[in-house]
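This is what each chain is made of:
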Amino acid sequence: VTLAVAALPEEFPVVLTFFLGVGVYRLAKRQALARRAVVVENIGRVSCICSDKTGTLTEGRLRLSHRYPAQGFSEERLLEIAAMASRHATSDPVDLAILNSLETPLHDAVVESFPFTEDRKCEAAIIRTSDALLAVLKGAPEIVLVRCKLDGTALTGWQQRIDELAGSGHKVIACAWQTLDDASWHGGEPDRDFIFAGVLAFEDPVREGVPGAVRLCRDAQIRIIMITGDHPATACAVAREIGLGGATPQVVTA
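Summary of the structure given here. (Residues numbered from 1 in each chain as written. Predicted model: local features only at pLDDT ≥ 70, side-chain atom pairs only at ≥ 80, totals over all residues. Heavy atoms only, no water.)

Quick look at the nonpolar core
Phase 1 of the analysis: Residues Ile81, Ile98, Val136, Phe196, Val199, Leu200 and Phe202 are the most contacted members of the largest nonpolar core, which totals 48 residues.
Phase 2 of the analysis: Contributions of two or more residues to this core are made by α5 (75–84), α6 (93–101), β4 (122–128), β5 (133–139), α7 (141–146), α8 (152–167), β6 (171–180) and β7 (195–203).
Phase 3 of the analysis: The element contributing the most residues to this core is β6, with seven residues.
Phase 4 of the analysis: Every residue in contact with Phe196, bar those within four places of it in the chain, is listed here: Ala70, Phe73, Val144, Leu145, Cys148, Leu150, Trp158, Ala174, Cys175 and Ala176.
Phase 5 of the analysis: Counting residues in hydrophobic clusters, the runner-up holds 13 residues, among them Val210, Val214, Ala235 and Val238. (Core = buried A, V, L, I, M, F, W, Y, C linked by side-chain atoms within 4.5 Å. Buried < 20%, exposed > 50% of the residue type's maximum accessible area, 1.4 Å probe, protein only. Helix = DSSP H or I, 4+ residues; strand = E, 2+ residues; numbered from the N terminus. Contact = heavy atoms within 4.5 Å.)

Structure below.
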C-alpha cells in the first residue's frame, strides 16, 4: 500500500477527502453541522471558545423573581413604571418578562421614546396619562441611580442590595420616574431629577448540559471565555454555577 501511494500521488486528495468526510459524518452523529469539510481539521486547532451568556450558557428565558419598591411605592406601581418604559412590540426578554407580569395591560399614550442601546444602558419614555405627562426610566442600576435624587445613605443602601442580588446570579434593573411640565418640556430625554422607584430582579436558569460541556472543554485543555453585558457580579455567579474559573472566576470589565 505504501509503494502504491508513493507511486500514485494522485490518490492523496482522494484519501484526504475520504477522511474529512468521515469526520463530517461523525460530527453529524453528535448533532454538529459542518458546512465545509475543512472545518473537521480546524476543530482540532481550537484552544479558546468565546461564548455569549444569555441564551447560550443560560436558557435566555428571564423570569421576574423579585420586586423591591422604594419607600412610598408599591410593588404594583414599580411594575407599572417599568412597563411604561418598556417596548410593547419587542422580543427583548427583559421587556417580555415585565409585560407578562402585568395583571392589567397599560393603554397610556407614548409621546416619545428613547430606546436601550449598549452605550446608554437604559431606556426611557415620555408618557401622557389621563392627568399628567410623565418621564419613565429603566435600565442598568448604576445609570439610573446617577439620574435620581437620592441622599448618600439611601444610595449606599440600594447599591448594597443591588450587589447582593447580582452576586446571587440575578439580572437587576432599576426604575425611576418624574412628572414633566407641559409648558417647560420641549422634547428630548430628561437626564436628572428622577424619583427612584425601586429595582426588579430576574432569574435566567443555566441551560441543561452546560456544566458538563464546560468540564469536557477544560479536560481537553480548551479555554472558555464568557462574554456578557450583565453586571459583573451576575456574570461571576453564573460562572461559578457552570464551573468556569473555579471558586473565584476572574471578571474583566471592558
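Quick look at unusual backbone geometry
Comment: phi is negative for the bulk of residues other than glycine, and the bulk of peptide bonds are trans.
Phase 1 of the analysis: Positive phi is not limited to glycine here, since Gln31 has a value of about 65°.
Phase 2 of the analysis: Tracing the backbone through its elements, the reader meets Gln31 in the loop between α2 (11–29) and α3 (38–43).
Phase 3 of the analysis: Classification of Gln31 as exposed rests on a relative accessible area of 79%.
Phase 4 of the analysis: The backbone of Lys121 shows a phi angle near 60°, a positive value even though the residue is not glycine.

Comments concerning the side chain of Gln178
Phase 1 of the analysis: Along the chain, the position of Gln178 falls in strand β6.
Phase 2 of the analysis: A polar contact is formed between the side chain of Gln178 and the backbone oxygen of Arg192, at a distance of 2.9 Å.
Phase 3 of the analysis: Apart from the residues within four sequence positions on either side, Gln178 is in contact with Leu133, Leu134, Ala135, Pro190, Arg192, Asp193 and Phe194. (Polar contact = N/O pair within 3.5 Å; in protein donor to acceptor, adjacent residues only side chain to side chain.)

Looking at the pairing of β4
Phase 1 of the analysis: Counted residue by residue, β4 has six buried out of seven residues, so it is predominantly covered.
Phase 2 of the analysis: In this structure, strand β3 (residues 109–114) lies alongside β4, joined through five bridges in antiparallel fashion. Across the sheet, residue Val110 finds its bridge partner in β4, namely Ile127.
Phase 3 of the analysis: In terms of strand pairing, β4 meets β5 through seven bridges, oriented antiparallel. Counted as the bridge partner of Ala124 is Leu137 from β5.
Phase 4 of the analysis: Linking β4 back to β5 in an antiparallel pair, the connection comprises four residues. (Pairing = 2+ DSSP bridges.)

Some points on the packing of α5 against α6
Phase 1 of the analysis: Two elements in contact, α5 and α6, have axes whose closest approach is 9 Å; the angle formed by their N-to-C orientations is 135°. Relative to α6, the element α5 lies oblique. Relative to α6, α5 is oriented so that their crossing is left-handed. Taken together, the residues of α6 that come into contact with α5 (itself represented by Leu79, Ala82 and Ala83) are Ile98, Leu99 and Ser101.
Phase 2 of the analysis: Looking at the contact of α5 with α6, its residues break down into five nonpolar, one polar and no charged. (Axes fitted to C-alpha atoms, helices over the stretch in contact; angles between N-to-C directions. Parallel < 35°, antiparallel > 145°, perpendicular 65-115°, else oblique. Left-handed = near helix turned anticlockwise from the far one by under 90°. Nonpolar A, V, L, I, M, F, W, Y, C, P; charged D, E, K, R; others polar.)

Looking at α6
Phase 1 of the analysis: Within the span of α6, buried status applies to Val94, Asp95, Ala97, Ile98 and Leu99.
Phase 2 of the analysis: On its buried side, α6 packs onto β2 (63–69), α5, β4, β5, β6 and β7.
Phase 3 of the analysis: If you check the start of α6, you find a side-chain oxygen 3.0 Å away from the backbone N of Val94, and it comes from Asp92.

Looking at the layout of surface pockets
Phase 1 of the analysis: The computed volume of the largest pocket comes to approximately 1,400 Å³.
Phase 2 of the analysis: If you trace the largest pocket, you find 48 residues lining it, with Ile227, Thr228, Gly229, Asp230 and His231 closest to the centre.
Phase 3 of the analysis: The residue makeup of the lining of the largest pocket, split by class, is 23 nonpolar, 12 polar and 13 charged.
Phase 4 of the analysis: Taken as a whole, the second largest pocket encloses approximately 260 Å³ of empty space.
Phase 5 of the analysis: Sorting the residues of the lining of the second largest pocket by element identifies β1 (48–52) and α9 (210–219) as the ones contributing at least two each.
Phase 6 of the analysis: By residue number, the principal contributor to the lining of the second largest pocket is α9, which donates four residues. (1 Å grid on protein atoms, 1.4 Å probe; cavity = no way out; pocket = protein on both sides within 12 Å on 5 of 7 lines; lining within 4 Å. Points joined across faces, edges and corners; volume = space filled by probe spheres on them.)

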